[in-house]
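Residue-level listing of the chains:
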Amino acid sequence: MQGNTACAEGALAAGCRFFGGYPITPSTEIAELMARRMPKVGGTFVQMEDELASIASVIGASWTGTRAMTATSGPGFSLMMENIGYAIMTETPCVIVDVQRGGPSTGQPTRAAQGDMMQCRFGSHGDTSIIAVSPASVQEMYELTAKAFDLADRYRVPTFVMTDEIIGHMRERIAIPDAVGITPRRPLEQGSLPFAAGEDGVPGFPAFGNGYGVHVTGLTHDERGYPSSTDPHVHARLVSRLVEKVEGARREMADFTVTNPDAEVVFISYGAPVRSVEQAIRDMDDGRIGHLRLRVVWPFPDFALAAFTSARVFLMPELNLGQMAREAARLTNVPVVPVPEIGGELHLPDRLIALAEGYL
Amino acid sequence: MTGNQGGFQDWLREDRLPHIYCTGCGNGTVINCTLDAVDKMGWTPENTVFISGIGCSSRAPGYIVTDSLHTTHGRAIPFATGVKLSRPDLHVVVFTGDGDLAAIGGNHFIHACRRNIDLTVVCMNNFIYGMTGGQGSPCTPMGAISTTTPYGCNEPPFDLASLAVAAGANYVSRWTSYHVRELTKAIRAGLETPGFSLIEAVVQCPTGYGRKNRLREAGAMVAWMRDNAVLMQKWRRMQEEGLPLPSGAFPVGEFVRRNLPAMGVLE
Amino acid sequence: MRHEVRFSGFGGQGIILSAVILGRAAAIHDGKNAVQTQVYGPEARGGASMSAVIIDDEPILYPEVTSPDVYVIMSQEGFLKYGAGAPESAVMLLDAELVQDRPSCRYHAVPATSEAKNTLKKVIVANIVMLGALVATTGIVSEAAIEKAVLDSVPKGTEDLNLQALRLGFDLGRRSMKDEAA
């Protein structure tokens, strides 16, 4: 099965019943599969006029209580940013798949990159926090897309599947589970204020058409959902909660694996470069190289770095000029060395071995 | 001047009052006419959703008791498309303005007409960006003064109603805030018609538009609408007979009512 | 044992489909591991397209082809771009008619396109003929597996034609092996 196909199938298995999209290489296969499959599972596929409309339709659909998704790549992702901010501000669960390609601008439509990692985190204006997962295989495209829906519903925040052309277009055998665990969106208790949150910072969801009479606005709003755009306290309280409900849950939602925790030289990877690192470690076959591989990339699991108690250096191969490396460097006193690869090729395992040897 | 014609007051959030609209603004009239029409349809706050973009007109859903989305500038229609396609049993009404609908949202507007998706769009056309203080819009008439057309607007305006007809909408009409009964009836016809409906409501903005264009008083603007609005039948007759159409005059009435294939209609 | 197979030709020849079918034969019907990848440009037709399959008994970690041991080349442009640098230890199948050059490694010049055109009257199945020759000359997957994979992958109503093409490819491959031995 192809990576993009697995992404769409994982979404459907997780109960996604609305897809609004616009064709763009290298993500188009996801829309094409949704166009074929959605009507057969009683869902809705709509090809919108552009990516601004795609994400808008997804947010609208989500407010009816429907699990909703869109898929795109760099240029379309850029167009979505304003409405992604709207989804963050209005706490609208939704899943956005970015099959990353070389940028900036039109760049390399058919080649892989991981150049949008900071954009998904900081691309919308204002102070925000979001969740992002990054699959490293076709199997994970299925599993992590399904998981993204649960995370989006649990924390009521846009959740990104940050994949790339390599994983999106490669074909591997996958094992499709009989069922995907689905945690339904927690409804708002009737009579409660729609934007009043409990201890976890996440309010219950008042789906449209149930008599809640909820007003949803991108303006700064109070617990009733009413605009209150000049009161500094209302704004500070709201935006702090929107950020803290995600940042404060980074341990709860963390998803990573640790290989050789006693190693002195440690790779950190996510997405396609995971495959290069795993190959390098298997080829070296001596346990001298550690590996922290991330499946949930945002929020970054800062505490995971501490698992490598003997680490002298973290090496971070990415298909960009060092984006997540900057985040890792911020979180540890151990030097973090970016290992960039741009242009569409994946890091050669031999290059990683030679690099690691240099630090041993 | 709106009169209390029906049950629209049941639809208002009293705890949101007072509203932000200026004295003399025409938007309140259009909101009342819309709620009156919705009420006459027998719809309820539980099965009706109001959606809007950004601008003065788009603040309307915040004063209404139903579920509502006050979205981003120009994008109300694609948000509404997502709601309607997911829950075709809900009645979805969009409030928008000339800047929101025709400038930043122009592409969404024509594509929604093409899809003929079952939404009713009520556009309050005040010829201006009111909320940001009176800048020119795609509907500012030639020669009119705004803060960004200080020497008179030198771009021809859009004719929103004709645009919607050309793009495929099933129901299109234009009235003004002077024509309260006709406007209410037209909105009702739009709500009744399956597919995309546009009701263009020309409204006075004494603060942002009138002040700069020798129509300082709300009453003067309403009188201007009364005097320049030409009933559609008369307008067409004048056109057919080759009579000169007076400068500043515009047609009001039903532009189209038809039954083209539509999307999002509950079967 | 890791095998890396690189396919190249021009867009529209079914270069990507060939790789998908080979990968499916290995992963689904032969019980091995396989990863299929591709490089493509903006052209839907023409240009030099490339696809690849890695077949291994072990789980495949690094998914990209770095040093192919098998080449399947179906255009001169594809040969120049993706085949000319083949190492001496590799084996190459090339379309006898569409590729003018010959590599320095072992090769089989298979008249896939001309046979598809003349014998089967459908040039579109040249890639399937080539797949048959590939399996017959290298044994990289079993003949039973590739047959099943072809049937899984081709449009309904074309199964017989494609199976014919595949078996024609088996014959051409075996003939080429015999010629080589002689």
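This structure is a prediction, so every number in the text was calculated from the model and none was measured. (Residues numbered from 1 in each chain as written. Chains lettered and ligands numbered in written order. Predicted model: local features only at pLDDT ≥ 70, side-chain atom pairs only at ≥ 80, totals over all residues. Heavy atoms only, no water.)

Honestly, the interface of chain C and chain A in this entry has me stumped. Any pointers?
By a widespread convention, an interface's size corresponds to the accessible area lost as its parts come together. With 23 residues of chain C in contact, the opposing surface of chain A contributes 20 residues. Taken together, both faces of the contact between chain C and chain A bury some 1800 Å²; the carbon and sulfur share is 50%. Counting across the chain C and chain A interface gives one salt bridge. In this structure, A:R282 engages C:E58 in a salt bridge whose closest nitrogen and oxygen atoms are separated by 3.5 Å. Where chain C touches chain A, the interface holds 10 residue pairs in polar contact (both at pLDDT 80 or more). Secondary structure elements with two or more residues in the side of chain C that touches chain A: α1 (15-29) and β2 (33-39) of chain C. Here the element with the most residues in the side of chain C that touches chain A is β2(C); it accounts for six residues. Looking at side-chain class alone, the side of chain C that touches chain A contains 12 nonpolar, seven polar and four charged residues. Sheet topology places strand β8 (residues 171-172) of chain A next to β2(C); two bridges connect them, and they run antiparallel. Its bridge partner being in β2(C), A:R171 is matched across the sheet by C:Q36. (Contact = heavy atoms within 4.5 Å. Buried area = accessible area lost by both parts, 1.4 Å probe. Salt bridge = Lys/Arg side-chain N within 4 Å of Asp/Glu carboxyl O. Polar contact = N/O pair within 3.5 Å; in protein donor to acceptor, adjacent residues only side chain to side chain. Helix = DSSP H or I, 4+ residues; strand = E, 2+ residues; numbered from the N terminus. Nonpolar A, V, L, I, M, F, W, Y, C, P; charged D, E, K, R; others polar. Pairing = 2+ DSSP bridges.)

Sorry if this is basic, but what is going on with the interface of chain B and chain A here?
Taken together, the contact between chain B and chain A spans 32 residues of the former and 36 residues of the latter. Taken together, the two surfaces of chain B and chain A that pack against each other cover about 2700 Å², and 57% of this comes from carbon and sulfur. Interface area lost by chain B to chain A is led by B:D67, B:H70 and B:F79, which between them contribute 20%. At the boundary of chain B and chain A, one finds one salt bridge. A:E49 is paired through a salt bridge with B:R115; the nearest N and O atoms lie 2.7 Å apart. Residues of the side of chain B that touches chain A, tallied by class, amount to 10 nonpolar, 13 polar and nine charged. Both strand β9 (residues 215-217) of chain A and strand β2 (residues 67-70) of chain B contribute to a ladder of three bridges, which runs parallel. Paired with A:T217 across the strands is B:H70, a residue of β2(B).

Looking at this structure, I do not really get the domain arrangement of chain A. What am I missing?
Residue and element names in this part refer to chain A. Its domain assignment divides chain A into domain 1 (1-253) and domain 2 (256-359). Distance from the C-alpha centre of domain 1 to the C-alpha centre of domain 2: 27 Å. Residue-level contacts link 34 residues of domain 1 with 26 residues of domain 2. Taken together, both faces of the contact between domain 1 and domain 2 bury some 2500 Å²; the carbon and sulfur share is 54%. Inspection of the domain 1/domain 2 interface yields six salt bridges. With its nearest N and O atoms 3.9 Å apart, the salt bridge here joins E143 to R295. Across the contact surface, domain 1 and domain 2 share 18 residue pairs in polar contact (both at pLDDT 80 or more). Mapped onto the side of domain 1 that touches domain 2, the elements with two or more residues apiece are β5 (108-112), α5 (117-122), β6 (131-133), α6 (138-155), α7 (165-169), α8 (232-247) and α9 (250-253). If you tally residues by element for the side of domain 1 that touches domain 2, the top one is α6, at five residues. Class assignment for the residues of the side of domain 1 that touches domain 2 results in 18 nonpolar, five polar and 11 charged. (Domains from an automatic or database assignment.)

Sorry if this is basic, but what is going on with the arrangement of the chains here?
The interface with the most contacts, out of two pairs of chains in contact, is the one formed by chains A and B. No interface is formed between chain B and chain C, the nearest pair of C-alpha atoms being 27 Å apart.

For this particular structure, what's the right way to read the environment of B:W43?
Residues and elements named next belong to chain B. Structurally, the position occupied by W43 is in the loop between α1 (27-40) and β1 (48-52). Distance from W43 to P244, taken between C-alpha atoms, is 44 Å for residues 201 residues apart in sequence. Discounting chain neighbours no more than four positions away, the residues touching W43 are W11, V38, T48, H91, V93 and L191. For W43, the side chain forms a polar contact with the side chain of H91, separated by 3.3 Å.

Can you help me understand the pattern of salt bridges in this one?
Side-chain pairs of opposite charge can arise where the charged atoms are in close proximity. Residue and element names in this part refer to chain A. A complete count under the given rule lists 42 salt bridges over all chains for this structure. Taking the shortest distance from any N to any O, the salt bridge between D302 and R250 comes out at 3.9 Å. Residue D302 is found in helix α11 (residues 302-305), and its partner R250 is found in helix α9; the two are separated by 52 residues along the sequence. Owing to a relative accessible area of 28%, D302 belongs among the partly exposed residues under this scheme. (Buried < 20%, exposed > 50% of the residue type's maximum accessible area, 1.4 Å probe, protein only.)

Whenever I open this one, helix α4 (residues 106-115) of chain B confuses me. Can you help?
One full turn of an α-helix is made of 3.6 residues, so residues set three or four places apart face in the same direction. Taken together, the buried positions of α4(B) are B:G106, B:H108, B:F109, B:A112, B:C113 and B:R115. Where α4(B) is buried, its residues meet β2 (44-47) and α3 (51-62) of chain A together with α2 (76-86), α3 (98-104), α5 (160-167) and β8 (197-202) of chain B. Just past α4(B), the residue B:N116 takes up positive phi, approximately 55 degrees.

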